[in-house]
Amino acid sequence: MRPGAPQEAPRGPGWNGAIVSLCLAGFLAPLFGGQVATDVGTLAPGAWLASLFGGSATPILTHFMLALLVAVPLVVALTGRRILQIPPLRITGLLLIFLFFLTSSLAGSSFRLPSLAEWASWMLMALGLFASVALAGRKEGPRRIAIAIFLGCAVLALRGIYEYGLTKGTDPSWRIFAGWVQPNVLAGMLTIGFGLGLGLLASLRGSAALLSGLGTGLILFATLLTQSKGGVLSCAVVLLGFAPAALYAARGKERGLVAARLGATVMFAAVLVFGLQASLRRPAPTETPTEAASSFGRLGSVQDSREQSFGYRTLLYEGALKLIRENPAGRGIGTYSFESARSGLTPQTAYAHNTYLQLGVEGGVLPPLLLIAIGLLWFSAVLRFPKTLPTERHLLRAGVFAAVLGCAAHNLIDSDLYHFGIGTCFFLLIGIGLQLAPDGSSPEFTPRPARWIASGIVVLSLALLLYTGLLEAWRARARDAMQTDRASVGALANRALSLAPFDGEAALLRAFAGEGDPLPWLRRATAFAPTPKNFRLYARALRDAGYLDQAAIALTDALRRDPNNLAALQMLMEVQMERGLEEEAIQVARRLVAVEESPYFTVRAIPELVPTETATARRFLASRSTDPNEKERLLAGAMPIYAQFLARTVPQAKAFAAAGATYLVSPTQAQEILDGAARDARELAALYRARGDDAGADEADTLGAAFTSAF
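Residues numbered from 1 in each chain as written. Predicted model: local features only at pLDDT ≥ 70, side-chain atom pairs only at ≥ 80, totals over all residues. Heavy atoms only, no water.

Asks: Talk me through the overall build of the protein; I want residue IDs and the actual numbers.
Replies: Across its full length, the protein holds 30 helices and four strands. For 711 residues, the compact-globule formula gives about 27 Å, and the C-alpha radius of gyration of the protein, at 28 Å, lands near that figure. With respect to the three principal axes, the spread of C-alpha positions in the protein is 95 × 70 × 45 Å. Within the span of the protein, comprising 711 residues, buried residues form 56% of the whole. A sequence separation of at least 24 residues applies to 75% of the contacts in the protein between residues at least 6 apart. Summed over its atoms, the accessible surface of the protein is roughly 29,100 Å², and 63% of this surface lies on carbon and sulfur atoms. (Helix = DSSP H or I, 4+ residues; strand = E, 2+ residues; numbered from the N terminus. Rg over C-alpha atoms; globule rule 2.2 N^0.38 Å. Buried < 20%, exposed > 50% of the residue type's maximum accessible area, 1.4 Å probe, protein only. Contact = heavy atoms within 4.5 Å. Areas by Shrake-Rupley, 256 points an atom, 1.4 Å probe, with all protein chains shown as cover.)

Quick look at the structure:
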């Protein structure tokens, strides 16, 4: 056999079934792998089946179903074969070391259940590499898996385009979600499909090539509808990575054909864009048409999104680097969302918007470096195009290379690999890329103990994912019962606690079941899920019960993880006053006002949500001051905050209320805040008049009237 010629892995029983299973995983991962675990999902009694197919209530169970498609055929192969295709030893070794450090990080986690769920997810996603190498073979298998992932992304794109079609009449600026947790991450998934589409477009012939081109154009169009600038840039990276590799691999006239197909696909997407924009134009009474709000306005509006897209991400990156310096060994896989506010630069945030930095915070310094090293070794393995292999194989490999390159680039601006759908496809592509490379893998004799140990790890990971998924489901049922059937909340929370006595979230739900004293359950919640939110809830219950000293301690604990937590600082200020410690309350109020000068306050992830706790602290300090000038300065500083709240937050609260939903601030809460703002404005106007500033007094009165009439 000539060097570099494809060598099939030994075919054991069920080989065809294994390929089908991996193809199903590749097809379904983009469609149902886009949700993440949260503490707000609700699950109605009859919605279990619907939730399994991409619902937001039980994403971990959905991930378990997807993982089965990869893990089961791999376990069958491990237990039934002695000779297996394995990746190059360098890549295998680095990946095993990477997974070892993620495992060792569990010891440093203060959040046991989220860490176990995230660890199991990473283990099962990484198995995609070994499964595709061991089971896909080196001829048809890799191509089939690539086609399956591409088809999943194409259907995902159609779903997003359909979603936009339903909303463009009322909101032309709508950003599509297509069943994913947010548009930016959806763009990361579509980036993978775009790269694979280019590879299939170049390598297939006839009607298959035409369909690939249509699907690729739709994927690019849907990426634009996400209005993710990072997604558009990642698609550009895909194109820049694919074009030279494909043109180098093509021969003779094929180069012109590849270039023509690329141009036609981009033109197809451009036609869709121009067609959509034309459909949004509305006739006007004059000869010059007026244009409705653009569906791509966010892409062209650099200044409007700078604060959220660039400024806030920069703070997250600085905060992540600070956390890594403080704890180079990592704080535990899956804990970033709970530890992120320690930096004092941002409030608690779910993701670092950078996979490598988030891995550094959670797993320590080495995991992101190991992941990068694996990527570099992989690129060196797949970027070889010997003439002994068919051109079609080279062109498909160029597409796989471009898809992985685009995904790696998008992980610089989003934590994509923390989303199961992207992570599963990413590692499957790493595996099939090695299978398409001339020397990317080799059949090796694998001792039985090693195969059984590997099988045990796979089964353990599946068991943990199922276990945490069932816990998640019972908690979601309890949250639904909080709104529909309060009498059953306690029983549902108890069911979760019977499975996991150390489940802090279930203990929190049990505390609010309305049965008995909630304090022991809240104490338990803070012990196993020591989040600032849980400490605040515990402190509020202690305060209501008259345990003011313990409430102050609980709030101090909350501020250790989030030193600028505005709600905790405001409550601590109030508790100190109730304890008769006025000087301590004044110190907390000054600390609260000082937060206004920090990026924690000035750069917000949700610009529409304007915090008013510092304005409340200003009111408190003004009430304790005997200096009219200081009172005036404090109250005047509160007015712009209230004005922003009126302009940005109140309209959101009204819109959500009109739709029968509740914004992060309810209309009742907003009214209470504005009532206090109106009183402050009237007091400020009196101070201005006392020193003869009638213009300032009139302006304050105008603001007060606006606050009063907002609802």
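Asks: Run through the nonpolar core, naming residues and quoting values.
Replies: Trp122, Ile192 and Trp378 are the most contacted members of the largest nonpolar core, which totals 128 residues. The element contributing the most residues to this core is helix α5 (residues 112-135), with 16 residues. Those residues in contact with tryptophan 122 that sit more than four places away from it in its chain are Phe98, Leu99, Leu102, Ile333, Leu359, Leu417, Tyr418 and Phe427. Counting 78 residues, the second-largest nonpolar core is a separate cluster that includes Leu508, Leu519, Ala541 and Val588. (Core = buried A, V, L, I, M, F, W, Y, C linked by side-chain atoms within 4.5 Å.)

Asks: Outline the environment of tryptophan 474, listing residues and values.
Replies: Note that tryptophan 474 resides in helix α18 (residues 448-484). Judged by relative accessible area, which is 18%, tryptophan 474 ranks as buried. Taking C-alpha positions, tryptophan 474 is 19 Å from asparagine 534, a pair spaced 60 residues apart along the chain. Those residues within four positions of tryptophan 474 in sequence are excluded, and the remaining contacts are Trp48, Leu492, Arg495, Ala496 and Leu499.

Asks: Help me get a handle on unusual backbone geometry, residues and values and all.
Replies: You will see that glutamine 227, though not glycine, has its phi angle at about 55°, which is positive. Residue position: glutamine 227 is located in the loop between α8 (206-225) and α9 (229-249). Residue glutamine 227 is classed as buried on the basis of its relative accessible area, which comes to 1%. A positive phi is found at histidine 353, a non-glycine position, where the angle reads about 60°. By the secondary structure assignment, histidine 353 is in the loop between α13 (336-339) and α14 (355-363). Taking relative accessible area as the criterion, histidine 353 reaches 15% and is therefore assigned buried.

Asks: Go over the layout of surface pockets, please, and point to the residues and values.
Replies: Taken as a whole, the second largest pocket encloses approximately 630 Å³ of empty space. Leu78, Leu96, Phe130, Ala450 and Ala454 are the residues nearest the centre of the second largest pocket, which is lined by 25 residues in total. Those elements that place two or more of their residues in the lining of the second largest pocket are α3 (59-80), β1 (83-86), α4 (89-104), α5 and α18. If you tally residues by element for the lining of the second largest pocket, the top one is α18, at six residues. Among the residues making up the lining of the second largest pocket, the classes are represented as 20 nonpolar, four polar and one charged. (1 Å grid on protein atoms, 1.4 Å probe; cavity = no way out; pocket = protein on both sides within 12 Å on 5 of 7 lines; lining within 4 Å. Points joined across faces, edges and corners; volume = space filled by probe spheres on them. Nonpolar A, V, L, I, M, F, W, Y, C, P; charged D, E, K, R; others polar.)

Asks: Could you give an account of the packing of helix α19 (residues 489-499) against helix α20 (residues 504-511), with specific residues and numbers?
Replies: It is the contact of α19 with α20, at a shortest axis distance of 9 Å, that shows an interaxial angle of 160°. Between α19 and α20, the crossing angle belongs to the class labelled roughly antiparallel. As α19 packs across α20, the resulting crossing turns out to be left-handed. Residues Val489, Gly490, Ala493, Asn494, Ala496 and Leu497 of α19 form the contact with α20, whose own contacting residues are Ala506, Ala507, Leu509 and Arg510. In terms of residue class, the contact of α19 with α20 is made up of seven nonpolar, two polar and one charged. (Axes fitted to C-alpha atoms, helices over the stretch in contact; angles between N-to-C directions. Parallel < 35°, antiparallel > 145°, perpendicular 65-115°, else oblique. Left-handed = near helix turned anticlockwise from the far one by under 90°.)

Asks: Explain the environment of alanine 148 to me, using residue names and the numbers behind them.
Replies: If you trace the backbone, alanine 148 turns up in helix α6 (residues 140-167). Sequence separation between alanine 148 and glycine 193 is 45 residues, and the spatial gap between their C-alpha atoms is 10.0 Å. Apart from the residues lying within four places of it in its own chain, the contact partners of alanine 148 are Cys23, Gly26 and Phe27.

Asks: Which residues make up the pattern of salt bridges, and what values do they have?
Replies: Under the defined criterion, the tally for this structure stands at 23 salt bridges. Note that glutamate 140 is salt-bridged to arginine 143, the shortest N-O span being 2.3 Å. In this pair, glutamate 140 and arginine 143 both sit in helix α6, three residues apart, roughly one turn of the helix. A relative accessible area of 33% places glutamate 140 in the partly exposed class. What you see here is one network of salt bridges that share partners, running through Arg205, Glu254 and Glu392. (Salt bridge = Lys/Arg side-chain N within 4 Å of Asp/Glu carboxyl O.)

Asks: Residues and numbers for the packing of aromatic side chains, please.
Replies: All told, the structure shown has 12 aromatic pairs when counted by the stated rule. Their ring planes at 70° and their centres at 6.1 Å tell us that tyrosine 642 and phenylalanine 707 sit as a pair that is edge-to-face. One end of the pair, tyrosine 642, is in helix α28 (residues 628-658); the other, phenylalanine 707, is in helix α30 (residues 694-708), and 65 residues separate them in sequence. Taking the relative accessible area as the measure of exposure, tyrosine 642 reaches 1% and is therefore buried. (Phe/Tyr/Trp six-rings, centres within 6.5 Å; stacked < 30°, edge-to-face > 60°.)

Asks: Outline a nonpolar patch on the surface, listing residues and values.
Replies: Nonpolar side chains collect at one region of the surface, where Val365, Leu366, Leu369, Ile372 and Leu376 lie side by side and expose about 430 Å² of accessible area between them. Take leucine 366: it is sitting in helix α15 (residues 366-382). For leucine 366, a relative accessible area of 40% corresponds to the partly exposed category. (Patch = residues over 30% accessible without salt bridge, like charges linked within 9 Å, V, L, I, M, F, W, Y side chains within 5 Å.)

Coordinates in, geometry out; function isn't part of it.
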